[in-house]
Amino acid sequence: MTRGPAADLHTALAHHQAGRFDQAEALYRALLAAQPDHADALHLLGVLRLQQDDPAEAAALIARAIERNAGVAYYHGNLAEAYLRLGRIVDAVAASRREVTLAPSEQARHRLGRCLNAAGAAAQKAGDFASAERLYEQALTLASNLAEASSNLGSLRQRAGDDAAAIAHYRKALTTAPDLAPTLLNLGKALGRLGNYAEAAEALMRYTALAPADHQAKLLLGEALESAGDRDGALAAFLAAAKSGPWLSESLFRAGRVLRDSGRLHDARDAFRQALQADPDFDGARIALFSTLNWLCAWEERDALLPTLPACVERIASGSEPVETLFPLAVELPYVPADPALHRRVLDVIARGLDQGRSAHGPVEAEPARLHVGYVSPDFGDHPISQVCRRLFALHDRSRFTVTCYALDDRDAASPLRAEIEASADRFVSLAGLSEEQAVERIVGDAVHILVDLTGYLRRSRPRLFAARAAPVQVYWLGHAGELRAPYIPYLIADRIVLPPEVESDVASAVVRLPETYHIADRMPVAAETPTRAAAGLPEDAFVFCAFNNPLKIDREVFGTWLEILTKVPNGVLWLSHGISDATTRNLKAAAEAAGVDPARLIFAGWVRDKSAHLARHRCADLFLDTFRFNASSTTLDALWTGLPVLTRRGDSFTGRISASMLTAVGMPDLICETSADYVERAVALANAPEAVADLRRRLEERRLSAPLFDTPRFVRHLEAAYEGMWRQVAAGEEPRGFDVSAAGSPPP
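Here the structure is a predicted model, which means the values were calculated and not measured.

**Brief notes about the overall build of the protein**
Of regular secondary structure, the protein possesses 34 helices and 14 strands. Relative to the compact-globule value of 27 Å for 749 residues, the protein shows a C-alpha radius of gyration of 35 Å, a clear excess of over 25%. Once the C-alpha set of the protein is aligned to its principal axes, its extents read approximately 130 × 65 × 50 Å. For the protein, buried positions account for 55% of its 749 residues. Counting only contacts in the protein whose residues sit at least 6 apart along the sequence, the fraction spanning at least 24 positions is 65%.

In structure tokens form, the structure reads like this:
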């Protein structure tokens, strides 16, 4: 019996469906040799050729089938598939539309959605974002569960800066296709930008499991974990990324940062060294190594790096790395024996790199009913800035001022001090989850007149908010002391001691001098019970020199001076803060031993969480020894408030005259020495004259409650007068210029 065409087609289709493509193709072609116009055979051979990755022949065959029988809907659908593979998107959409017209099944509508999604992607690639958005939305109207279209629409929203909307689209896509790798990656990035670090890390973990060779994504995962507070997870991610050659130095650099922040300074130093070895031109790693050596008090290796920094700064100035790379130098160069001109150059490079050259704020009101002051900081919580500013916000005169605090970080959102500040401001706004553009829009929308930067370039700062000129008047105060030299923050709050008029030639800012001290202080609660010396780890019969300073402030010169004092005071001990690393402690003990001083005479105080208890233990000491290049600052205030006399040496920079300002404001200027020799002589003399120390304590006890330093309401009146003087200049259309605020609270005309 002779087989007919139908039987041959049935046999070919059976082979086709079973995956026996060669047999199926042979039968399809034999059938077409006999009947060239057999529509089903043309179509099925076209489908087979598409499966065999020949979309060009597939399209030709299926098109011939449609010429023979244009009424079969799925012919048009499969032709659309071939056109998609060929990149003929317009033809694919047209073919798919014909399928839907003939048979609007769910499968046909889904196919048309896919074609429209492809058309949207092509429009997006060509830069026609409006058409792309319209096409993606049409695709989702046809197939609401089309993951690719939701994901692509999310990428458009993300490109427009609307991360929140993008995230919604990405999440919708992932409900249908949970393993859509590019969507997981984009979701992780968007969540990270909004500060949702834990969720970002979860998305990126899923992505890296699907794409284990993407080591750059492991860097992103490490960043998210680090920001979420999972340092162990971040370190593991960075070390995994380090297995890739192209990302070796960057991964080691990120691992070093985590190690540094975990207090593992010795390991951090090694990681930064290795990053530099992998890429000797990696200036970010060089600066991080320099900073870590500062924290370690590893002065010899740190000083060996100093000569390499000017060239590093110039490379970054020419665009080798983002100017944010220089932030640690902006903060830490005043701590080290570096040329002040280098520090000024660093600040100038940063300011030039950040400056947007335009103002985001609205028109300047000539006479607003009340001046709206905004304070910006990542440290509204258990931090020295918040401790000294604790009562500032509540003490502002509400008949003349409105106060908003803008928090850049929410890590300490649950602290009692944060709650106190939130309650004392008229408004407390978290900017932590906002992009730079959104944060600027929020500040501008709040109609802030005077925006105060309390942070400078310290960690978690966001100086680009100020570079956008979100307010008509922008001021730098406290932070890491000194000036920023940024044209968009023209005003600097100082006093006549930290910045005397005769040194203003090197200052780029408009200096506004407060009458008694530039630094606010607060009467912090002190625990009633003083620990015994034994409980504090101190010998009962020793003269206790206290120096609860950040290790960054302890340089070779001041430490050598302290050791000289110890050699001249045999019963003296030096009570230091332990800091964040045992390695720093070891280095200081080794330096003491090398100088012939028993390391046991260095006693390191552990960290006490309760601030009032920490203040109370100051009573166990006899004399506080200040650092030289960068004074103790808030630590000086701690000592003075608890009745512990502070001995300082007047420096030749803003940062070296902070304690002189405070001692003058508390009525104890006789504790300011002009030379290192005077400093040593005075410390030794006091150690041998207990009655003189007792007299200092008595005088300090009398004056701390009456002198200007701890009179916070008085200080706030001076600060308000400064703000009003600044506003008058700007409202009059004048360029910012410095002035002195009088003790009566009114600036001169």
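**Regarding the packing of helix H15 (residues 248–261) against helix H16 (residues 265–278)**
Two numbers describe how H15 lies on H16: the axes approach to 8 Å, and their chain directions differ by 165°. Between H15 and H16, the crossing angle belongs to the class labelled roughly antiparallel. You can see that H15 and H16 cross each other, and the crossing is left-handed. From H15, Leu248, Ser249, Leu252, Phe253, Gly256, Arg257, Leu259 and Arg260 reach across to H16, where they touch Leu265, Asp267, Ala268, Ala271, Phe272, Gln274, Ala275 and Ala278. Residues that form the contact of H15 with H16 fall into these classes: 10 nonpolar, three polar and three charged.

**Some thoughts on the sheet that holds strand E7 (residues 510–514)**
One key point about sheets: their strands pair by backbone hydrogen bonds, in either a parallel or an antiparallel sense. Spatially, E3-E2-E1-E4-E5-E6-E7-E14 is the arrangement adopted by the eight strands of the open sheet, whose pairing is parallel. Each edge of the open sheet carries a strand with a single partner, namely strand E3 (427–430) and strand E14 (739–740).

**Things to note about the pattern of salt bridges**
Should the charged atoms of two oppositely charged side chains come close, the side chains can pair. Within this structure, the stated rule accounts for 66 salt bridges. Between Asp53 and Arg85 there is a salt bridge whose closest N-O contact spans 2.7 Å. On the criterion of sequence distance, the pair formed by Asp53 in the loop between helix H3 (39–51) and helix H4 (55–68) and Arg85 in helix H5 (residues 73–86) is long-range, its members being 32 residues apart. Across the pair Asp522 and Arg390 runs a salt bridge, and its minimum N-O distance is 2.7 Å. Of the two residues, Asp522 is situated in the loop between E7 and strand E8 (543–547) and Arg390 in the loop between helix H22 (384–388) and helix H23 (392–395); the sequence distance between them amounts to 132 residues. Neither residue differs from the other here; Asp522 and Arg390 are each classed as buried. A single salt-bridge network, built from bridges that share partners, covers Glu25, Arg29, Arg49, Asp54 and Glu57.

**Digging into the environment of Ser461**
Inspection of the secondary structure puts Ser461 in the loop between strand E4 (450–453) and helix H26 (464–467). Taking C-alpha positions, Ser461 is 70 Å from Ala26, a pair spaced 435 residues apart along the chain. Once you skip the residues sitting within four places of it in the chain, Ser461 turns out to touch Phe327, Pro378, Leu408, Thr455 and Gly456. Of the polar contacts made by the side chain of Ser461, one reaches the backbone oxygen of Gly456; its length is 3.4 Å. Side-chain polar atoms of Ser461 contact the backbone oxygen of Leu458, separated by 2.9 Å.

**So, the environment of Leu27**
Following the sequence through the fold, Leu27 ends up in helix H2 (residues 21–34). For Leu27, a relative accessible area of 27% gives the class partly exposed. Considering only alpha carbons, one finds Leu27 and Arg134, 107 residues apart in sequence, at a separation of 45 Å. Beyond its immediate sequence surroundings of up to four residues, Leu27 is in contact with Thr11, Ala12 and His15.

**A closer look at the side chain of Thr627**
Within the fold, Thr627 resides in the loop between strand E11 (623–625) and helix H30 (634–641). A polar contact of 2.7 Å, which involves the side chain of Thr627, links it to the backbone oxygen of Phe630. Residues in contact with Thr627, not counting those within four places in the same chain, are Asn549, Lys553, Ile554, Val558, Trp562 and Ala632.

**A few points about the packing of H4 against H5**
The interhelical angle for the contact between H4 and H5, taken along N-to-C directions, is 155°, at an axis separation of 9 Å. Considered as vectors, H4 and H5 are oriented roughly antiparallel to each other. Classified by chirality, the crossing of H5 by H4 is left-handed. Here H4 contributes Pro55, Ala56, Ala58, Ala59, Ile62, Ala63, Ala65 and Ile66 to the contact with H5, which in turn contributes Tyr75, His76, Asn78, Leu79, Ala82, Tyr83, Arg85 and Leu86. Here the residues of the contact of H4 with H5 are counted per class, giving 13 nonpolar, two polar and one charged.

**With respect to the sheet that holds strand E10 (residues 602–605)**
In space, the six strands of this open sheet follow the order E10-E9-E8-E11-E12-E13, with parallel pairing throughout. Both outer strands of the open sheet, E10 and strand E13 (672–673), are each paired with one neighbouring strand and no more. Taken together, the two bridges between strand E12 (residues 646–649) and E13 define a ladder with parallel strand orientation. In the sheet register, Arg649 faces E13, and the bridge partner there is Cys673. Contacts from helix H28 (residues 582–594) reach strand E9 (572–577) and E10 within the one sheet, and its direction differs from that of E10 by about 165°.

**Observations regarding the side chain of Arg269**
You can see Arg269 is positioned in helix H16. The contacts of Arg269, once residues within four sequence positions are left out, are Leu289, Thr292, Leu293, Leu296 and Glu301.

**Overview of the nonpolar core**
One recurring pattern in soluble globular proteins: nonpolar side chains tend to sit buried together. If you look at the biggest cluster of nonpolar residues, it comprises 216 residues, and the most contacted ones within it are Tyr375, Trp477, Phe545 and Tyr723. For this core, the leading source of residues is helix H34 (residues 712–731), giving nine residues. In contact with Trp477, other than residues within four places in its own chain, are Tyr375, Cys389, Leu392, Val452, Asp453, Leu454, Ile493, Tyr518, Ile520, Phe715, Leu719 and Tyr723. Ranked by size, the runner-up nonpolar core spans 47 residues in total, among them Ala12, Leu44, Ile62 and Ala119.

Conventions adopted
- Residues numbered from 1 in each chain as written.
- Predicted model: local features only at pLDDT ≥ 70, side-chain atom pairs only at ≥ 80, totals over all residues.
- Heavy atoms only, no water.
- Helix = DSSP H or I, 4+ residues; strand = E, 2+ residues; numbered from the N terminus.
- Rg over C-alpha atoms; globule rule 2.2 N^0.38 Å.
- Buried < 20%, exposed > 50% of the residue type's maximum accessible area, 1.4 Å probe, protein only.
- Contact = heavy atoms within 4.5 Å.
- Axes fitted to C-alpha atoms, helices over the stretch in contact; angles between N-to-C directions.
- Parallel < 35°, antiparallel > 145°, perpendicular 65-115°, else oblique.
- Left-handed = near helix turned anticlockwise from the far one by under 90°.
- Nonpolar A, V, L, I, M, F, W, Y, C, P; charged D, E, K, R; others polar.
- Pairing = 2+ DSSP bridges.
- Salt bridge = Lys/Arg side-chain N within 4 Å of Asp/Glu carboxyl O.
- Polar contact = N/O pair within 3.5 Å; in protein donor to acceptor, adjacent residues only side chain to side chain.
- Core = buried A, V, L, I, M, F, W, Y, C linked by side-chain atoms within 4.5 Å.

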